[in-house]
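Chains, contacts and geometry: an overview
One-letter residues, chain by chain:
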Amino acid sequence: MEKLMIAGGYPLKGTVRISGAKNSAVALIPATILAESPVTIEGLPDISDVQILKGLLEEVGGKVHFDQNDMTVDPSSMISMPLPNGKVKMLRASYYLMGAMLGRFKKAVIGLPGGCHLGPRPIDQHIKGFEALGASVTNEQGAIYLRADELRGARIYLDVVSVGATINIMLAAVRAKGRTIIENAAKEPEIIDVATLLSNMGAKIKGAGTDVIRIDGVENLHGCRHTIIPDRIEAGTYIILGAAAGQGVLIDNVIPQHLESLIAKLREMGVNIEINDDQVFVGSQEGRKLKAVDIKTLVYPGFPTDLQQPFTSLLTKSEGTSIVTDTIYGARFKHIDELRRMSADIKVEGRSAVIHGPVQLQGAKVKASDLRAGAALVIAGLMAEGVTEVTGLEHIERGYSHIVEKLNGLGATIWRESLTTEEMDQMKNA
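Residues numbered from 1 in each chain as written. Predicted model: local features only at pLDDT ≥ 70, side-chain atom pairs only at ≥ 80, totals over all residues. Heavy atoms only, no water.

**Thoughts on the overall build of the protein chain**
When you go through the protein chain residue by residue, the secondary structure sums to 14 helices and 23 strands. A compact globule built from 430 residues would reach a C-alpha radius of gyration of about 22 Å, and the protein chain, at 22 Å, matches this within 12%. When the backbone C-alpha atoms are referred to their principal axes, the protein chain occupies close to 65 × 45 × 40 Å. When the accessible surface of the protein chain is split by element, carbon and sulfur atoms take 48% of a total near 16600 Å². Looking at charge distribution, the protein chain has the averaged site of its 46 positive side-chain charges lying 4 Å from that of its 50 negative ones. (Helix = DSSP H or I, 4+ residues; strand = E, 2+ residues; numbered from the N terminus. Rg over C-alpha atoms; globule rule 2.2 N^0.38 Å. Areas by Shrake-Rupley, 256 points an atom, 1.4 Å probe, with all protein chains shown as cover. Lys, Arg positive; Asp, Glu negative; His and termini not counted. Charge placed at Lys NZ, Arg CZ, Asp CG, Glu CD.)

**A short note on the packing of aromatic side chains**
By the definition in use, this model includes 2 aromatic pairs. Where Tyr-95 meets Tyr-96, the ring centres are 4.9 Å apart and the plane angle is 90°; that geometry is what we call edge-to-face. Ring plane angle 75° and centroid distance 5.3 Å describe the contact between Phe-303 and Phe-311, whose orientation is recorded as edge-to-face. (Phe/Tyr/Trp six-rings, centres within 6.5 Å; stacked < 30°, edge-to-face > 60°.)

**What about the confidence of the model for the protein chain?**
Per-residue pLDDT for the protein chain averages 93, and the proportion of residues at 70 or more is 97%. Under a pLDDT of 50 for its full length, residues 115–120 has, in the predicted model, 14 contacts with residues more than four places off or in other chains. (pLDDT = per-residue confidence, 0-100. Contact = heavy atoms within 4.5 Å.)

**Examining the pattern of salt bridges**
Applying the stated rule across the entire model yields 22 salt bridges. One salt bridge in this structure joins Glu-150 and Arg-152, with 2.5 Å as the shortest N-O distance. For Arg-152, a relative accessible area of 47% translates into the label partly exposed. Between Glu-183 and Arg-155 there is a salt bridge, and its shortest N-O distance comes to 3.0 Å. Here the residue Glu-183 occupies a position in strand β10 (residues 179–183), and Arg-155 occupies one in strand β9 (residues 155–157), the gap between them amounting to 28 residues. Judged by relative accessible area, which is 23%, Glu-183 ranks as partly exposed. Look at the salt bridges and you will find they share partners, linking Glu-2, Glu-397, Glu-405 and Arg-416 into a network. (Salt bridge = Lys/Arg side-chain N within 4 Å of Asp/Glu carboxyl O. Buried < 20%, exposed > 50% of the residue type's maximum accessible area, 1.4 Å probe, protein only.)

**Focus on helix α7 (residues 232–245)**
Count 3.6 residues to each turn of an α-helix, and residues three or four apart come out pointing the same way. Across its 14 residues, α7 extends 20 Å between first and last C-alpha, which sits within 8% of the 20 Å expected from 1.5 Å per residue. Judged by how many residues are buried, α7 sits mostly within the fold: 14 of 14 residues are covered. At the N-terminal end of α7, a side-chain oxygen is found 2.8 Å from the backbone nitrogen of Ile-233, two or three residues along, and the residue is Asp-231. (Expected span 1.5 Å × (residues − 1). Polar contact = N/O pair within 3.5 Å; in protein donor to acceptor, adjacent residues only side chain to side chain.)

**Digging into the domain arrangement of the protein chain**
When cut into domains, the protein chain gives domain 1 (2–19 + 230–429) and domain 2 (22–227). Domain 1 and domain 2 are separated by 30 Å when their C-alpha centres are compared. Taken together, the contacts link 21 residues of domain 1 with 17 residues of domain 2. Scanning the region where domain 1 abuts domain 2 turns up 2 salt bridges. Among the ionic pairs, Glu-190 bridges to Arg-232, the shortest N-O distance being 2.8 Å. On inspection of domain 1 and its partner domain 2, the count reaches 8 residue pairs in polar contact (both at pLDDT 80 or more). Sorting the residues of the side of domain 1 that touches domain 2 by element identifies α7 and α11 (371–383) as the ones contributing at least two each. (Domains from an automatic or database assignment.)

**Side note on empty space enclosed by the protein**
Throughout the structure, instances matching the rule amount to 1 cavity of 30 Å³ or more. Volume-wise, the largest cavity comes out at about 30 Å³. Forming the walls of the largest cavity are Thr-237, Tyr-238, Leu-241, Ala-375, Val-378, Ile-379, Ile-403 and Leu-407. Elements supplying a minimum of two residues to the lining of the largest cavity: α7, α11 and α13 (403–409). Residue composition of the lining of the largest cavity, by class: 7 nonpolar, 1 polar and no charged. (1 Å grid on protein atoms, 1.4 Å probe; cavity = no way out; pocket = protein on both sides within 12 Å on 5 of 7 lines; lining within 4 Å. Points joined across faces, edges and corners; volume = space filled by probe spheres on them. Nonpolar A, V, L, I, M, F, W, Y, C, P; charged D, E, K, R; others polar.)

What follows is the structure, given as structure tokens:
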């Protein structure tokens, strides 16, 4: 196991290219199960979640060829093999295998998903959708069993706006008989990306990106080629990083419209930021004072919960008191104690964090408890005086492709080191 070592205080400058969207990739790869001939997805990020899903497709008989960032999946010989344990436990998005396998085989056995520990994130809306389509769903010995004689279209109202449930129901419904209408659907760009892939495969979907999605089921889906959208959360993280420690950072391969809520808040703070067609330039912040702002995470197109933690690190640099409220995941404040180790003046009150600034962060030994907490600590380490040690690197690598290489390319001083035996023992006992 490894940790990240970050020497703070080095100004960042240059261009960084954004990888394909992690939150699209983890749904697009399971979606290939629904086809009956090869599907190629271009531009996938080189992250551990993609490798885990590759392995899961191979476990059920898929032939997978992954060359650089392009994955070709031949699903023709796949079978509905149970996946109760193993790799399924390693990522949250393994639940998309439920919808895909149910859609193709009318049955599936999938272990309860793992991934980041962000408090309760139930899959009740997924189950509600599957049952509405005609499936029986039971929890047996820690695995979800889905069975259906046939799937029939239905009108499904989601009680909570859920990206996962919206996509999972789409996956099952594209090969159901008749029309499915998903009401109160999530609107995230990743949903449009998945709907585009499914449409290229022959599915009939209208309304993706709105709160009502209509799907007319088809008997068969075929192979196609599809290019994934850029990762708006990775892009947002590097934009925040440019504001925190940059002297002119160009973020390339971006869809700026996907980041309007973040860009608006940065401008409110006084960040020097320019928008081009597929690029965002964060100018030098030298000599500029950043204003304190309040943010509240909301479903898209509101401020993304996945950028709340990185943004919190930036707010330690702003003048005044900022309040960050997370309405999506109330438990997403595990990074706060770590930032306090680095001298941040922050306290948690219910679902909000109150940040007083500006504070000069100091290097410290900290632990990434989840993916975006890890990003927050990396940003904090780049801003801090001295050296910061970040353990929990495996969380960060779930969502940030080649983060060390990209940051060093911007002028950071960041490297990996192996954990000592003592550190590994401490992590096991924590």
